[in-house]
Amino acid sequence: MRHNRVFAAFLALSSPLILAAPAFAEGQRVQLRGEIIDTWCYFSGVMGGPDAVVGSAHHTCALWCSAGGIPVGLLAEDGTVYMVLQIDDSDESAGGDTQMRLASHVVSVDGMHYERDGLNYLVVSEVVQDDDIQVLSHDDFGVVPPFAVPEDAP
Amino acid sequence: MIARALTAALAALALSGPGAAQDFSENSEARSWNLFAEQPARFEATVVDILCEVTGNCAENCGDGRRQLGLLRSLDGVLVYPNKNSQPAFTGATVELLPYCGAEVEVDGLMLEDAYLGAVNIYLLQRIRRLGDETWVSANRWTDDWAENNPDAAGSGPWFRRDPRVLREIAEEGYFGLGLDRDAEIRAELFP
């Protein structure tokens, strides 16, 4: 009995190596709600903690990063980050207009969820609802980074 | 005896599999960014279109720069996601990787692994070269590429102060994205 369990575990772990065939992850349809974030600032902490790099305080930086081709993600209400690969018909995930216009917005989406090597990926079929910016982080953090808003801006 | 051998093999597979944390820092010359979760990482990989690799929705020439590009690591088949190039200028990695679409390369940079935030196999690309090439190419082409594509961008200063699309968004919704009237109020509060 013990041999069977060990052998089954061996097969389960080794079969991907034996088959060695690149398989596409199986997608699962999901409905999610969350903020469209700049993943680099969120993951790296380069601009501060996770609460500082969402919402209004970080909006200009989010525009810069999205225009600069940094991947955007959807930060779901449960804290999971989904790397957004496509929105509606736009596959312009590297600096496209569609994703940039949604920077910092809280959206409800319908789409397909994929997992690969520890990351969550999202192909958005439809932005069902766009609630604009909801996280008023400037109340706590001002401007992130501080130079994002010029003090002498007209 | 058989069980012991299988258990040993199981442990070896578990340690070498895609899910295992591995050290790719050997011979890396990556510069630190003093990030909490960074680790130097130099490895061989194939440059892939991530949307294609994950979902099977593929495009010619990896999407010609529209799509995010990934690094399919040769050692273990793990898909690494380069979020960032080497410039401290709010710039991604696709421009740097596109010339190598489908090619086998060697890369050097910083890997981010922060389970608390969900950052797994997130990469900052600092330099790249085709397998067999001696010369490294710095992953810092983005701003030159932007300048070539935006010859009429007015003013001086870094690209993000002059980018027409960014300026249009700020002109419409303000720096905080809450509308121009609210924007003026917030700026008056923050910068009295």
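Note that this is a predicted model, so its numbers are computed, not measured.

Trainee: Honestly, a negative patch on the surface in this entry has me stumped. Any pointers?
Mentor: On the surface, a cluster of negative charge is made up of A:Asp130, A:Asp132, B:Glu172 and B:Glu173. Every element with two or more residues in the negative patch is listed here: strand E5 (119–133) of chain A together with helix H6 (164–173) of chain B. Mapped onto the elements of the fold, A:Asp132 is located in strand E5. Residue A:Asp132 is classed as partly exposed on the basis of its relative accessible area of 32%.

Trainee: Teacher, can you tell me more about the pattern of salt bridges here?
Mentor: When their charged atoms lie close together, side chains carrying opposite charge are able to pair. The final tally for this structure, using the stated rule, is 18 salt bridges over all chains. Between B:Arg165 and A:Asp97 there is a salt bridge; the shortest N-O distance is 2.5 Å. Here B:Arg165 is found in helix H6, whereas its partner A:Asp97 is found in helix H4 (residues 97–101) on a different chain. Between B:Glu189 and B:Arg182 there is a salt bridge, with its nearest N and O atoms 4.0 Å apart. Residue B:Arg182 is classed as partly exposed on the basis of its relative accessible area, which comes to 30%. Each of A:Asp91, B:Asp49, B:Arg66 and B:Arg67 takes part in salt bridges that share partners, so that together they form one network.

Trainee: Please clarify how the nonpolar core should be interpreted in this entry.
Mentor: One broad rule of soluble globular proteins: the nonpolar side chains tend to lie buried together. Of all hydrophobic cores here, the largest spans 60 residues; its most connected members are A:Tyr42, A:Phe43, A:Leu85, A:Tyr121, B:Tyr81, B:Ile122 and B:Trp159. If you tally residues by element for this core, the top one is helix H3 (residues 59–67) of chain A, at six residues. Both domains that furnish three or more residues to this core are identified here as domain 1 (23–144) and domain 2 (151–190) of chain B. Apart from residues no more than four positions distant in its own chain, B:Trp159 is found in contact with A:Trp64, A:Ala67, A:Gly68, B:Ala89, B:Phe90, B:Thr91, B:Trp142, B:Thr143 and B:Trp146. One finds B:Ala41, B:Val47, B:Val80 and B:Leu98 within the second-largest nonpolar core, a separate group that totals 22 residues.

Trainee: Before we go on, may I ask you to explain the state of the cysteines in this structure?
Mentor: By definition, a disulfide is the covalent link that joins the sulfur atoms of two cysteine residues. Tallying each qualifying case throughout the model produces two disulfides over all chains. With its sulfur 2.0 Å from that of its partner, B:Cys62 forms a disulfide with B:Cys101. Judged by the torsion about the S-S bond (80 degrees), the B:Cys62/B:Cys101 disulfide is right-handed. Here the residue B:Cys62 occupies a position in the loop between helix H2 (50–55) and strand E2 (69–73), and B:Cys101 occupies one in the loop between helix H3 (94–97) and strand E4 (104–114), the gap between them amounting to 39 residues. Shown here for chain B is a disulfide pattern of 1-2, 3-4, where each number marks a bonded cysteine counted in sequence order. The thiol of A:Cys61 is unpaired, and the distance to the nearest cysteine sulfur, on A:Cys41, comes to 3.9 Å.

Trainee: What am I meant to see in the pairing of E5(A) here?
Mentor: Regular strands place side chains that alternate from one sheet face to the opposite one. Residue and element names in this part refer to chain A. Bridging between strand E3 (residues 81–87) and E5 involves five bridges; their strand directions are parallel. Counterpart to Val84 in the pairing with E5 is Leu122. With eleven bridges joining them, strand E4 (residues 105–116) and E5 adopt antiparallel strand pairing. Directly across from Val107, in E5, lies its bridge partner Asp130. What sits between E4 and E5 in their antiparallel hairpin is a turn of two residues, with Asp117 showing a positive phi close to 50 degrees.

Trainee: I would appreciate a short explanation of the packing of H3(A) against H6(B) in the present structure.
Mentor: Each pair of packed helices can be described by the angle between their axes along with the distance between the axes. Interhelical geometry of H3(A) versus H6(B) gives an angle of 150 degrees and a closest axis separation of 10 Å. Viewed along their axes, H3(A) and H6(B) adopt a mutual orientation that is roughly antiparallel. You can see that H3(A) and H6(B) cross each other, and the crossing is right-handed. Mapping the contact onto sequence places A:Thr60, A:Leu63, A:Trp64 and A:Ala67 in H3(A) and B:Arg165, B:Val166, B:Glu169 and B:Ile170 in H6(B). Grouping the constituent residues of the contact of H3(A) with H6(B) by class yields five nonpolar, one polar and two charged.

Trainee: Is there a simple way to think about unusual backbone geometry in this case?
Mentor: In terms of backbone geometry, most residues other than glycine have negative phi values and most peptide bonds are trans. Residue A:Val144 is joined to A:Pro145 through a cis peptide bond whose omega torsion reads -10 degrees. Within the secondary structure, A:Pro145 sits in the segment after helix H5 (138–141). One non-glycine residue, B:Cys62, lies in positive phi territory at about 55 degrees. Overall, B:Cys62 belongs to the buried group, its relative accessible area being 6%. Even without being glycine, B:Asp64 reaches a positive phi, approximately 55 degrees. Of note, B:Asp64 is situated in the loop between H2 and E2. For B:Asp64, a relative accessible area of 51% puts it in the exposed group.

Rules and cut-offs
Residues numbered from 1 in each chain as written. Chains lettered and ligands numbered in written order. Predicted model: local features only at pLDDT ≥ 70, side-chain atom pairs only at ≥ 80, totals over all residues. Heavy atoms only, no water. Patch = residues over 30% accessible without salt bridge, like charges linked within 9 Å, V, L, I, M, F, W, Y side chains within 5 Å. Areas by Shrake-Rupley, 256 points an atom, 1.4 Å probe, with all protein chains shown as cover. Salt bridge = Lys/Arg side-chain N within 4 Å of Asp/Glu carboxyl O. Lys, Arg positive; Asp, Glu negative; His and termini not counted. Charge placed at Lys NZ, Arg CZ, Asp CG, Glu CD. Helix = DSSP H or I, 4+ residues; strand = E, 2+ residues; numbered from the N terminus. Buried < 20%, exposed > 50% of the residue type's maximum accessible area, 1.4 Å probe, protein only. Core = buried A, V, L, I, M, F, W, Y, C linked by side-chain atoms within 4.5 Å. Domains from an automatic or database assignment. Contact = heavy atoms within 4.5 Å. Disulfide = S-S within 2.5 Å. Pairing = 2+ DSSP bridges. Axes fitted to C-alpha atoms, helices over the stretch in contact; angles between N-to-C directions. Parallel < 35°, antiparallel > 145°, perpendicular 65-115°, else oblique. Left-handed = near helix turned anticlockwise from the far one by under 90°. Nonpolar A, V, L, I, M, F, W, Y, C, P; charged D, E, K, R; others polar.

Spatial relationships are all this shows, so hold off on functional conclusions.
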